Amino acid sequence: MLIRSVQAFLLSSPLAEPLVLPYHGGERTIVKRDAMLICVEGEHGLRGYAPGPAHEEALAGIRDFIAPFLVGRTLLDPDVLRILFHQQPGITRALSRFYDAVEIALFDLTACTFDVPVCDLLGGRVRDEIRLYASAGMYQSPQGYADEAAQLAAHGFSAYKLRPALGPEADLETIRRIREATGPGFEIMVDAHTWWRMGDQSYSEETVHHLAREMGRLQVTWLEEPLPPHDHAAYGRLKDLDEVPLASGEHEPDEAGFDDLIATRCVDYVQADLVCQGGYNLGRRLLASVARAGLSFAFHSWGTNLEILAAAHLGVCWPDTVVPWLEYPCYRSITQPGMYPFPLAEDILSEPLPIRKGVLELDLTRPGFGVDINLSALDRFPWIPGPWSFFKLHSPAETWAVTGDHSQRWASTGA
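Just so you know, these numbers come straight off a predicted model, no measurement behind them.

1. What about the overall build of the protein chain?
Logical step 1: When its secondary structure is counted, the protein chain shows 13 helices and 15 strands.
Logical step 2: Against the 2.2 N^0.38 benchmark of 22 Å for 415 residues, the protein chain shows a C-alpha radius of gyration of 21 Å, consistent with a compact globule.
Logical step 3: Its C-alpha atoms give the protein chain principal-axis dimensions of about 60 × 45 × 45 Å.
Logical step 4: Counting over 415 residues, the protein chain shows a buried share of 58%.

2. Focus on the state of the cysteines
Logical step 1: Across all of its chains, the model carries zero disulfides by this definition.
Logical step 2: Free cysteine Cys-276: the closest other cysteine sulfur is in Cys-330, separated by 19 Å.
Logical step 3: We classify Cys-330 as buried; its relative accessible area is 0%.

3. What to know about the domain arrangement of the protein chain
Logical step 1: Each domain of the protein chain was delimited in the assignment, giving domain 1 (2–120) and domain 2 (122–361).
Logical step 2: Of the roughly 3,100 Å² buried where domain 1 meets domain 2, counting both sides, 62% is carbon and sulfur surface.
Logical step 3: Among the residues domain 1 hides against domain 2, the three largest losses belong to His-24, Arg-33 and Cys-119. Together they make up 23% of the total.
Logical step 4: Counting every contact that joins domain 1 to domain 2 gives three salt bridges.
Logical step 5: Where domain 1 meets domain 2, there are 14 residue pairs in polar contact (both at pLDDT 80 or more).

4. Looking at the pattern of salt bridges
Logical step 1: Inspection of every chain in the model, using the stated rule, returns 25 salt bridges.
Logical step 2: Here Arg-4 makes a salt bridge to Glu-43, at a shortest N to O gap of 3.6 Å. Taken together, the residues span a long stretch of sequence, with Arg-4 in strand β1 (residues 3–23) and Glu-43 in the loop between β2 (26–42) and β3 (47–52) at a distance of 39 residues.
Logical step 3: A residue is classified by how much of its surface remains accessible, and Glu-43, at 23% relative accessible area, is partly exposed.
Logical step 4: Measuring nitrogen to oxygen at the nearest pair gives 2.9 Å for the salt bridge that ties Lys-161 to Glu-224.

5. Looking at the UniProt feature "domain: Mandelate racemase/muconate lactonizing enzyme C-terminal" (unreviewed entry) in the protein chain
Logical step 1: Taking the numbering used here, the UniProt-annotated feature "domain: Mandelate racemase/muconate lactonizing enzyme C-terminal" (unreviewed entry) corresponds to residues 142–245.
Logical step 2: The span residues 142–245 carries 49% helix and 12% strand; its end-to-end C-alpha distance comes to 22 Å.

6. Things to note about the pairing of β2
Logical step 1: Of all 17 residues making up β2, 14 are buried, and the element is well covered by its neighbours.
Logical step 2: Relative to β2, β1 runs antiparallel, the two being bridged by 16 bridges. If you follow Tyr-23 over to β2, its bridge partner there is Gly-26.
Logical step 3: Hairpin connection between β1 and β2: a loop of two residues separates the two successive antiparallel strands, and Gly-25 in this loop has a positive phi of roughly 100 degrees.
Logical step 4: Two elements, β2 and strand β14 (residues 389–393), share five bridges in a ladder whose sense is antiparallel. Residue Gly-26 lies in a different strand from β14, and its bridge partner there is Leu-393.
Logical step 5: Linking two consecutive strands that pair antiparallel, namely β2 and β3, is a turn of four residues; a positive phi of about 65 degrees is found at His-44 within it.

7. A closer look at the packing of helix α2 (residues 78–86) against helix α3 (residues 93–114)
Logical step 1: α3 packs onto α2 with a crossing angle of 155 degrees between their chain directions and a minimal axis gap of 10 Å. With respect to their mutual orientation, α2 and α3 come out roughly antiparallel. With respect to the hand of their crossing, α2 and α3 are arranged in right-handed fashion. Touching Pro-78, Asp-79, Leu-81, Arg-82, Phe-85 and His-86 of α2 are Leu-95, Ser-96, Tyr-99, Asp-100, Glu-103, Leu-106, Phe-107 and Thr-110, all from α3.

8. Focus on helix α1 (residues 56–70)
Logical step 1: Over its 15 residues, α1 extends 20 Å from the first C-alpha to the last, a length consistent with the 21 Å expected when each residue adds 1.5 Å.
Logical step 2: All of the buried residues in α1 are Ala-58, Gly-61, Ile-62, Ile-66, Ala-67, Phe-69 and Leu-70.
Logical step 3: Buried residues along α1 sit against β1, β2, α2 and α3.
Logical step 4: At the exit of α1 stands Gly-72, carrying a positive phi of roughly 95 degrees.

9. Examining the pairing of strand β11 (residues 325–329)
Logical step 1: Among the five residues that make up β11, five are buried, leaving the element largely enclosed by the rest of the structure.
Logical step 2: Residues Trp-325, Glu-327 and Pro-329 of β11 are buried on one face, and the alternating residues Leu-326 and Tyr-328, pointing to the opposite face, are buried as well.
Logical step 3: Of the strand pairs in this sheet, strand β4 (residues 129–138) and β11 are connected by four bridges, and their pairing is parallel. Paired with Leu-132 across the strands is Leu-326, a residue of β11.

10. What to know about the environment of Pro-51
Logical step 1: One can find Pro-51 in strand β3.
Logical step 2: Counting along the chain gives 297 residues from Pro-51 to Ile-348, while the straight-line C-alpha distance between them is 9.9 Å.
Logical step 3: Apart from residues lying up to four places away in sequence, Pro-51 is in contact with Met-36, Ile-38, Ala-101, Val-275, Leu-306, Glu-307 and Ala-310.

11. Concerning the side chain of Ser-296
Logical step 1: Mapped onto the elements, Ser-296 comes out in strand β10 (residues 296–299).
Logical step 2: The buried category is assigned to Ser-296, whose relative accessible area is 15%.
Logical step 3: Residues in contact with Ser-296, not counting those within four places in the same chain, are Asp-268, Tyr-269, Val-270, Val-290, Thr-321, Val-322 and Pro-324.

12. Observations concerning unusual backbone geometry
Logical step 1: The peptide bond linking Ser-395 to Pro-396 adopts the cis configuration, its omega dihedral lying at -5 degrees.
Logical step 2: Checked against the element boundaries, Pro-396 lands in the loop between β14 and β15 (398–402).
Logical step 3: In the Ramachandran plot, Glu-225 falls in the positive-phi region, its phi being about 45 degrees despite a non-glycine side chain.
Logical step 4: Along the chain, the position of Glu-225 falls in the loop between β7 (222–224) and α7 (232–241).
Logical step 5: You can call Glu-225 buried: its relative accessible area is 0%.

Thresholds applied
- Residues numbered from 1 in each chain as written.
- Predicted model: local features only at pLDDT ≥ 70, side-chain atom pairs only at ≥ 80, totals over all residues.
- Heavy atoms only, no water.
- Helix = DSSP H or I, 4+ residues; strand = E, 2+ residues; numbered from the N terminus.
- Rg over C-alpha atoms; globule rule 2.2 N^0.38 Å.
- Buried < 20%, exposed > 50% of the residue type's maximum accessible area, 1.4 Å probe, protein only.
- Disulfide = S-S within 2.5 Å.
- Domains from an automatic or database assignment.
- Buried area = accessible area lost by both parts, 1.4 Å probe.
- Salt bridge = Lys/Arg side-chain N within 4 Å of Asp/Glu carboxyl O.
- Polar contact = N/O pair within 3.5 Å; in protein donor to acceptor, adjacent residues only side chain to side chain.
- UniProt positions renumbered as here; feature names shortened; annotations may be inferred.
- Pairing = 2+ DSSP bridges.
- Axes fitted to C-alpha atoms, helices over the stretch in contact; angles between N-to-C directions.
- Parallel < 35°, antiparallel > 145°, perpendicular 65-115°, else oblique.
- Left-handed = near helix turned anticlockwise from the far one by under 90°.
- Contact = heavy atoms within 4.5 Å.
- Expected span 1.5 Å × (residues − 1).

Below you can see the structure in the form of structure tokens.
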């Protein structure tokens, strides 16, 4: 099949009013959420779709470098085209990442051509479902977290991730209230990336060790990024205490970082984001390494439902002993509690995700990702330039704007 066109579209879903979220040492303001939709069209009108990095640098890279390379080429094996792309001079790390996102659409198009689901091209599925954890819990009171967790449990989810940022003792009180509200069988994931982004009030390593010990007693499923993620030695010291399972990976800048994370075994759960960190190209290698090391992998997903589907098609190629979880970001709507409204996340698809009792059940009777893209979203969610989120520290007084990749480095800690 000849590739006829490669296009990328930037989309924005603004909040009605800026959402200001105070936390220990600062505040975060969210004004919108962005997304990218990539479309690769082949002969006979077949199309493959993928989520992409939602920023203008990626749009330019796809338009100016990746599309001219792909258009007119024959698509039989996406892996071959990737090798040819990287043989060109001047391919930067950023362009390589953007290509990895486009490659997800190439896999979707290839799967549609051969009338098979995407997962059949990624090694072959060993199951047709994957567990989701409800990811919400942003900068609220201890009781607010507990109420939200209980509501999501009532919606059928068996696990909940929160982002505690109230100060050490209030963070512990939060976990206690969640445990009381949800019971002993409910799984709690704690994303602690704010702990090292509080300026002068960032938690010390000693404080983190104390919190890990107490959260382990509360049967937390994992403690995610409680320390600056580049400091693998610090994670190793915390891991040696064996207080609570640890998770990290979404801020690793390259494959060497992941390799060290796995080789040193300083975490129990390795995490990666397909859209921002290497697509199926990196994901397939990581999952194999994680399996050999006897660790577990958990997808980081923080965008639209198309991103969740793309990750799921890779995850089901491995047993749930290797890939037990996929992150499901819960955005607030009429029918669902969550962080804030992001209607584009659901509206990008023509139908809801097939979720039953917190489990995503893939439709493997249809080719590709097994869904239709809602192209009307391109008109209803026009791109709004500028950052989608701001972080403001009280001491030292500093402000960072976050544009595009949610996991970019912004704190002065060097992480």
